[in-house]
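Fold and geometry: a report
Chain by chain, the residues:
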Amino acid sequence: MAERGGERGGFGRGFGRGRGGDRGRGDRRGGRRGPRREEEEKWVPVTKLGRLVKDGKIRSLEQIYLFSLPIKEHQIVEFFLGPALKDEVMKIMPVQKQTRAGQRTRFKAFVVVGDNNGHVGLGVKCSKEVATAIRGGIILAKLSVIPVRRGYWGNKIGKPHTVPCKVTGKCGSVTVRLVPAPRGSGIVAARVPKKVLQFAGIEDVFTSSRGSTKTLGNFVKATFECLLKTYGFLTPDLWRETRFLKSPFQEFTDVLAKPTKISVLEDVEKTQFIENAF
Amino acid sequence: MPSEVIAEDYLKCNVCGGDLGLVAQVYAPLTINGRKIDQRVLYIFGCPSAACGISPLSWRTLRVQSCNDTASSSSRADSTDQSEGESSSTREEQQKQATDWWEDDSSWGPAAQVNAGDDVGSLGMQELEAALLEAGYAASVRTQTESSSQQEITVLHEDASSSGEPNSPDLPVLPCFYIYSQNESHPCRGSRAVSALQTSERLEENGVAVNTTEDGQDEAWEGEEYEHDQALSADRTYLKFKKRLDCYPEQCFRYCFGGRPLWANKDRGDPGICTICGGCRTYELQLMPPLLYYLQQACKDLPSTSYGPNDWEWLTVIIYTCAQSCTRAPSNLQAETQRSGWLVVEEATIVQYET
């Protein structure tokens, strides 16, 4: 295509439009895409955060969590967690709606993704076809990946293996409570939330649930809520004075594009913990 | 078309008063109500100076349209007596090119600017799929701001100075790209179906049952209902937007005169009414985020200057134009347009941001 462009410039004298010669051709960034498959593989970032990530300006997912920046592209998570990120379909349920012409059945897929080491995401997608629901569920799960804080039950020997404190999460009528457990207890939970906890990288925990746990959606979302809260809980380790850092948006642009949120304060504490833990 | 037809005010930013940079030049002929308008171009301007391009007021779209049929011949005649910078003649020659290529387009493919298909432009066909335009490659050129030699003017050079003066070196210039158009087939059923099939095959292998409960455990799940898509930080509208984008990840423009825009978030702006005929405005085209990405990538490699598209952070820029694509100028511009044969109208530009 560049060649054609060059010819066009060369042909008509009246065009008078140079391409700056070498720079134009040298700077050609990717020719015409070939088959459609390749097009879909390549990621063109849509959001500002995506552009920063693609450029390599963001070091890790933790930096994004530190400033509570919304992750709006699943490719960002794929970029950082990459092959470590596993996904699994927990359950596919048919959901029916009554219409004049009978019942319309759609499939609801519950997908959990995680790297078994502190990151987990949950996605729920309804679709007319199973495969579409699963694929959509995986994308939604990746968009919802959160960091999970782990701690100790007693002696602080070895790596953190359980939740740092008792946390409880609620969704609908279901409340789930996670209680720290000694090493070797394993995950004491029902089959489905156990999956979520496994993907989060929690090795030992006691759980207790209440409410209509028959509703799978609410049950897993309540568990997910618990995990979300692990980093929101202020423990004595985090009492240290916070050290404010520059948000990636500030760092990489000269202009204050976004107003700094007050939540940066709490988030910096998270960073301190992350730094301490690893 | 001589560039003095465009009033100088149009080329200044509303917010900071600086010069606007030309972001896109879209050749968009239309056929409305049996009336065929060939000489119709949309120019989209944005303010590239630091801290300014963020507000929606610093974006402007102009629709330049010929008022009469003799305009095309007169514009060619005008090309010989341009005293100002060659950018205007360049632009005009492009229009000439565009028209020429439009007539014998099969061998060339899309022209230097965007050629919106004539069939897509018909007002009557509301259900037409949008034509997507992907960046073919970057022929990134920027006139060196310090050089005064202006022989090789880029396509997207905008000329804000009045006639007689050579182009001042401080005008904002953005790298230029060719854009290719193609029709969009509704959300990539094709390839997605293939990969979806693979996913379901993988499921079958792993023995995940779809409808039955797990054997060995009496888990009776119930009470599930349809749920709209939701993620931690993305709402339904944005998820749909992203889904369409993922089908064609390199789309820079979406064009469909009279169609429906692809919204990125819930707040729809108000397009207003046409300043000339008072009729309502209709959606015509929108700019998409890959355009920003490509522009920023191209600017990255070039010497940094005080302006650039690096501050732009919109998710999409939606352009509404007069539904009738009116040609009758209001009284104050009547003399001007009859003399030059071109009508310049400002259209509505709505910018949507990330939330």
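Residues numbered from 1 in each chain as written. Chains lettered and ligands numbered in written order. Predicted model: local features only at pLDDT ≥ 70, side-chain atom pairs only at ≥ 80, totals over all residues. Heavy atoms only, no water.

**Thoughts on helix α4 (residues 48–55) of chain A**
Owing to its 3.6 residues per turn, the α-helix aligns residues three or four sequence positions apart on the same side. Residue and element names in this part refer to chain A. Counting buried positions over the eight residues of α4 gives six, a clear majority of the element. Residues of α4 that are buried include every one of Lys48, Leu49, Gly50, Arg51, Leu52 and Val53, and no others. Just downstream of α4 lies Gly56, where phi reads positive at about 85 degrees. (Buried < 20%, exposed > 50% of the residue type's maximum accessible area, 1.4 Å probe, protein only. Helix = DSSP H or I, 4+ residues; strand = E, 2+ residues; numbered from the N terminus.)

**A short note on the pattern of salt bridges**
According to the stated counting rule, one finds 16 salt bridges over all chains in the structure shown. The closest approach of N and O atoms between Glu313(B) and Lys48(A), which form a salt bridge, is 3.6 Å. One end of the pair, Glu313(B), is in the loop between α7 (289–301) and β11 (314–322); the other, Lys48(A), is in helix α4, on a second chain. The same class applies to Glu313(B) as to Lys48(A), namely buried. Put simply, Glu88(A) and Lys195(A) hold a salt bridge, and the shortest N to O gap is 3.4 Å. In this pair, Glu88(A) sits in strand β1 (residues 86–99) while Lys195(A) sits in helix α8 (residues 191–200), placing the two residues 107 residues apart along the sequence. The network of salt bridges with shared partners includes Lys108(A), Lys221(A), Glu224(B) and Glu227(B). (Salt bridge = Lys/Arg side-chain N within 4 Å of Asp/Glu carboxyl O.)

**Describing the sheet that holds strand β7 (residues 187–188) of chain A**
Residue and element names in this part refer to chain A. Pairing is mixed in the open sheet, where four strands are placed in the order β5-β6-β8-β7. Either end of the sheet is taken by a strand with one partner, and the two such strands are β5 (167–171) and β7. On the sheet, helix α9 (residues 216–230) packs against β5, β6 (174–180) and β8 (205–210) and is oriented at approximately 140 degrees with respect to β5. (Pairing = 2+ DSSP bridges. Contact = heavy atoms within 4.5 Å. Axes fitted to C-alpha atoms, helices over the stretch in contact; angles between N-to-C directions.)

**Some remarks on the packing of α4(A) against helix α6 (residues 74–81) of chain A**
The geometry of a pair of packed helices is captured by two quantities: the angle between their axes and the separation between those axes. Residue and element names in this part refer to chain A. The interhelical angle for the contact between α4 and α6, taken along N-to-C directions, is 25 degrees, at an axis separation of 10 Å. Regarding the angle of α4 to α6, the classification is roughly parallel. Between α4 and α6 the crossing geometry is left-handed. Of the residues in α6, those touching α4 at Leu49, Gly50 and Val53 are Ile76, Phe79 and Phe80. By residue class, the composition of the contact of α4 with α6 is five nonpolar, one polar and no charged. (Parallel < 35°, antiparallel > 145°, perpendicular 65-115°, else oblique. Left-handed = near helix turned anticlockwise from the far one by under 90°. Nonpolar A, V, L, I, M, F, W, Y, C, P; charged D, E, K, R; others polar.)

**Observations concerning the environment of Phe206(A)**
Topologically, Phe206(A) is positioned in strand β8. Setting aside residues no more than four positions away along its own chain, Phe206(A) makes contact with Arg177(A), Leu178(A), Val179(A), Pro180(A), Ala181(A), Pro182(A), Ser185(A) and Val188(A).

**Digging into α7(B)**
Residue and element names in this part refer to chain B. Over its 13 residues, α7 extends 19 Å from the first C-alpha to the last, a length consistent with the 18 Å expected when each residue adds 1.5 Å. Across the 13 residues that make up α7, a large majority, 11, are buried. Buried within α7 we find Pro289, Pro290, Leu291, Leu292, Tyr293, Tyr294, Leu295, Gln296, Gln297, Ala298 and Cys299. (Expected span 1.5 Å × (residues − 1).)

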